[in-house]
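# Geometric and topological summary
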Amino acid sequence: MPSTLALATIAALTPCPHPIVHDGDTIRCGAERVRLVNIDAPELAGSERCSRASRRRLAGSRNPSWCDYMLGERSRDALAALVDGGTTTIAPVGRDRYGRILARVTVDGRDAGAYLIRHGLARPWH
C-alpha cells in the first residue's frame, strides 16, 4: 500500500478520474481530500466555521468565516459541473492542518479556482 505522500505524488502525475465535490473548494480524489489551494469558497449550511464562536474567533483573521450558504451551494454545484465536464488533474503543493492535500486543480487545463473566482463563486486565497 503506497504512503499518503506517494499517493499525492501519483496524483500530481495523473488525472483524478472520478472527483467527488464536497464544497466549492474541496474535492475527493480517491481516498484523498483535496483543497483547492488558490481560492476560498463560501461555507455550506452546518459548517463549524459558521458557528457563533468560530465567527467571533475568525472575525479579525486573514481568513474570516464566509457564511453565505446560498452562494456556497452555487459554488459547490458549479465546481461539480466543471469537473463532470472534463478530465480533472491535481498538482499538490502540500498539506493543510486538516490533512487535506493542498493542490491546484485543473479541468482540461483550466484552473478550477480561477473559474470559480471569475464567476463570483469564490475569492482569491494566497
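As a starting point, this report considers the structure included with it. (Residues numbered from 1 in each chain as written. Predicted model: local features only at pLDDT ≥ 70, side-chain atom pairs only at ≥ 80, totals over all residues. Heavy atoms only, no water.)

## Observations concerning the pairing of strand 3 (residues 26–29)
As defined by bridge partners, strand 2 (residues 20–23) adjoins strand 3 across 3 bridges and the pair is classed as antiparallel. Within strand 3, the residue paired with Val 21 across the bridge is Ile 27. What sits between strand 2 and strand 3 in their antiparallel hairpin is a turn of 2 residues. Of the pairings in the sheet, the one linking strand 3 to strand 4 (residues 32–36) comprises 4 bridges and is antiparallel in character. (Pairing = 2+ DSSP bridges. Helix = DSSP H or I, 4+ residues; strand = E, 2+ residues; numbered from the N terminus.)

## A few points about the pattern of salt bridges
Applying the stated rule across the entire model yields 8 salt bridges. Here Glu 32 and Arg 95 are joined by a salt bridge, their closest N and O atoms 3.3 Å apart. A residue pair is termed long-range when its members are at least 10 positions apart, and Glu 32 in strand 4 and Arg 95 in strand 6 (residues 88–95) qualify at 63 residues. Residue Arg 95 is classed as partly exposed on the basis of its relative accessible area of 36%. Residue Asp 40 pairs with Arg 123 through a salt bridge whose shortest N-O separation is 3.2 Å. On the criterion of sequence distance, the pair formed by Asp 40 in strand 5 (residues 39–40) and Arg 123 in strand 9 (residues 123–124) is long-range, its members being 83 residues apart. Each of Asp 25, Arg 35, Asp 40 and Arg 123 takes part in one network of salt bridges that share partners. (Salt bridge = Lys/Arg side-chain N within 4 Å of Asp/Glu carboxyl O. Buried < 20%, exposed > 50% of the residue type's maximum accessible area, 1.4 Å probe, protein only.)

## Description of helix 3 (residues 69–84)
Helix length check: helix 3, at 16 residues, gives a terminal C-alpha distance of 22 Å against a target of 22 Å (1.5 Å per residue), a fit within 8%. Listed as buried for helix 3 are Leu 71, Gly 72, Ser 75, Ala 78, Leu 79, Leu 82 and Val 83. Looking straight down helix 3, one finds its buried side chains confined to an arc of 130°; they lie on one side. What points out from helix 3, more than 90 degrees from its buried face, is the exposed set Met 70, Arg 74, Ala 81 and Asp 84. (Expected span 1.5 Å × (residues − 1). Arc of directions from axis to C-beta.)

## Some points on the state of the cysteines
A covalent bond between the sulfur atoms of two cysteines is referred to as a disulfide. Within this structure, the stated rule accounts for 2 disulfides. With its sulfur 2.4 Å from that of its partner, Cys 16 forms a disulfide with Cys 29. Negative torsions about the S-S bond denote left-handed disulfides, and the value of about 140° found for Cys 16 with Cys 29 makes this one right-handed. One end of the pair, Cys 16, is in strand 1 (residues 15–16); the other, Cys 29, is in strand 3, and 13 residues separate them in sequence. Among the residues examined, Cys 16 registers a relative accessible area of 2% and is labelled buried. Disulfide partner of Cys 50: Cys 67, at an S-S distance of 2.0 Å. Torsion about the S-S bond of the Cys 50 and Cys 67 cystine: about -105°, corresponding to left-handed handedness. (Disulfide = S-S within 2.5 Å.)

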